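# Structural features, examined
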Amino acid sequence: MLEFETAGMPSRLLAASIDLVVQMVLVIAAVTGGLGLESLGVGAGALGAVTLYLAFFLILLGYPALLETLWRGRTLGKAALGLRVVTVEGAPIRFRHAAIRSMFALVEKFSLSGLIGIIAILVTRRNQRLGDLVAGTIVLRERSGAGRPQAMAFLPPPGLESYTSSLDVSALGHSDYAAVRGFLLRVGSLTPAARWSLATAIATPLRDRLRTTPPTGVYPETFLACVAAAYQRRNAPAVQAAPAFSSVWSSPSSPPPPPPSTPTDLPPLPR
């Protein structure tokens, strides 16, 4: 299966900056054209002012809405950064999605200097700003410095191949796997305490649903790696790619120890 990642804050800000430059160029062109017409005595008075305000409106609101509709979720800035807007189901967006995003973008940009949109992206699981939440859209990264999105395989942690093969993950749905995969993708950015706490919160109910007892000394995080490998083996046996987390499982001591104040039902790996 293809694993896509949602666009993070830096790439979205840079794409928005490129689009803002384009919009400012269009605004300057509109103003220059309006002044030129005024000097010729064309469009003078209230009608000229209304026309100029309408041009501003179309540039600020219409530019992203029309481009994202006609260019399948991309603007010039998003295309430059390899980003694309899709619905939360992964389908191409339509005009209503783009229009909602564009209207909320104006509110987010001109209220608290965009702070509302930035906070929304940082706290939402799929990096969505307010316009995305209302429109039901997400922004995907179609490419990165590593190249085009590729199939990604999870391999069992060393020494747990047999246990991984014994897991019956037929009771797990796509949302369960998505939660496990999302954690493993972000594990390197978490603090040790948050890493342990979140791994335990995800692993404990999954362990109960799978009716399995992990081998003695297995970290919750390591258990989740086994679940991801077993799920992918069952649902995507044709995936052939380098393991995404080979460095994480290169040694038994790599997963973080539990914080002393954090209770857990799953024992840690021995050091």
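In short, a report on the structure. (Residues numbered from 1 in each chain as written. Predicted model: local features only at pLDDT ≥ 70, side-chain atom pairs only at ≥ 80, totals over all residues. Heavy atoms only, no water.)

## Some remarks on the overall build of the protein
What the protein contains, in helices and strands, is 10 helices and 3 strands. In sequence order, the protein lays out its α and β elements as β-α-α-α-β-α-α-α-β-α-α-α-α. Burial statistics for the protein: of 271 residues in total, 40% are counted as buried. A fraction of 75% describes how many contacts in the protein between residues 6 or more apart in sequence connect residues 24 or more apart. Accessible surface, the protein as shown: approximately 14,700 Å² in total, 65% of it carbon and sulfur. (Helix = DSSP H or I, 4+ residues; strand = E, 2+ residues; numbered from the N terminus. Buried < 20%, exposed > 50% of the residue type's maximum accessible area, 1.4 Å probe, protein only. Contact = heavy atoms within 4.5 Å. Areas by Shrake-Rupley, 256 points an atom, 1.4 Å probe, with all protein chains shown as cover.)

## Thoughts on the pairing of strand 2 (residues 83-87)
Along a regular strand, successive side chains alternate from one face of the sheet to the other. Most of strand 2 is tucked away: 5 of the 5 residues are buried. By the alternation rule, side chains of strand 2 split into Leu83, Val85 and Thr87 and Arg84 and Val86, which are all buried. Bridge count for strand 2 against strand 3 (residues 137-141) is 5 bridges, and the pairing is antiparallel. If you follow arginine 84 over to strand 3, its bridge partner there is leucine 140. (Pairing = 2+ DSSP bridges.)

## Quick notes on the pairing of strand 3
The buried fraction of strand 3 is high, at 4 of 5 residues. In this sheet, strand 3 lies alongside strand 1 (residues 5-6) in antiparallel orientation, the contact comprising 2 bridges. When the sheet's bridge partners are listed, threonine 6 is paired in strand 3 with leucine 140.

## Concerning helix 8 (residues 174-186)
With 13 residues, helix 8 extends 18 Å between its outermost C-alpha atoms, agreeing within 8% with the 18 Å of an ideal straight helix rising 1.5 Å per residue. Looking at helix 8, one finds that the buried residues are Asp176, Tyr177, Val180, Arg181, Phe183 and Leu184. With its buried residues spanning 160° around the axis, helix 8 presents them on a single face. The exposed residues of helix 8 that point more than 90 degrees off its buried face are His174 and Ser175. (Expected span 1.5 Å × (residues − 1). Arc of directions from axis to C-beta.)

## Section: helix 4 (residues 95-110)
In this model helix 4 runs 23 Å from its N-terminal to its C-terminal C-alpha over 16 residues, within 8% of the 22 Å that 1.5 Å per residue would give. Taken residue by residue, helix 4 has His97, Ala98, Ala99, Arg101, Ser102, Ala105 and Glu108 as its buried positions.

## Some words on unusual backbone geometry
You will see that arginine 72, though not glycine, has its phi angle at about 55°, which is positive. Topologically, arginine 72 is positioned in the loop between helix 2 (46-70) and helix 3 (76-81). A relative accessible area of 52% means that arginine 72 is categorised as exposed. For arginine 211, which is not glycine, the phi dihedral falls at a positive 50°. Looking at where arginine 211 falls in the secondary structure, it is placed in the loop between helix 9 (192-210) and helix 10 (220-235).

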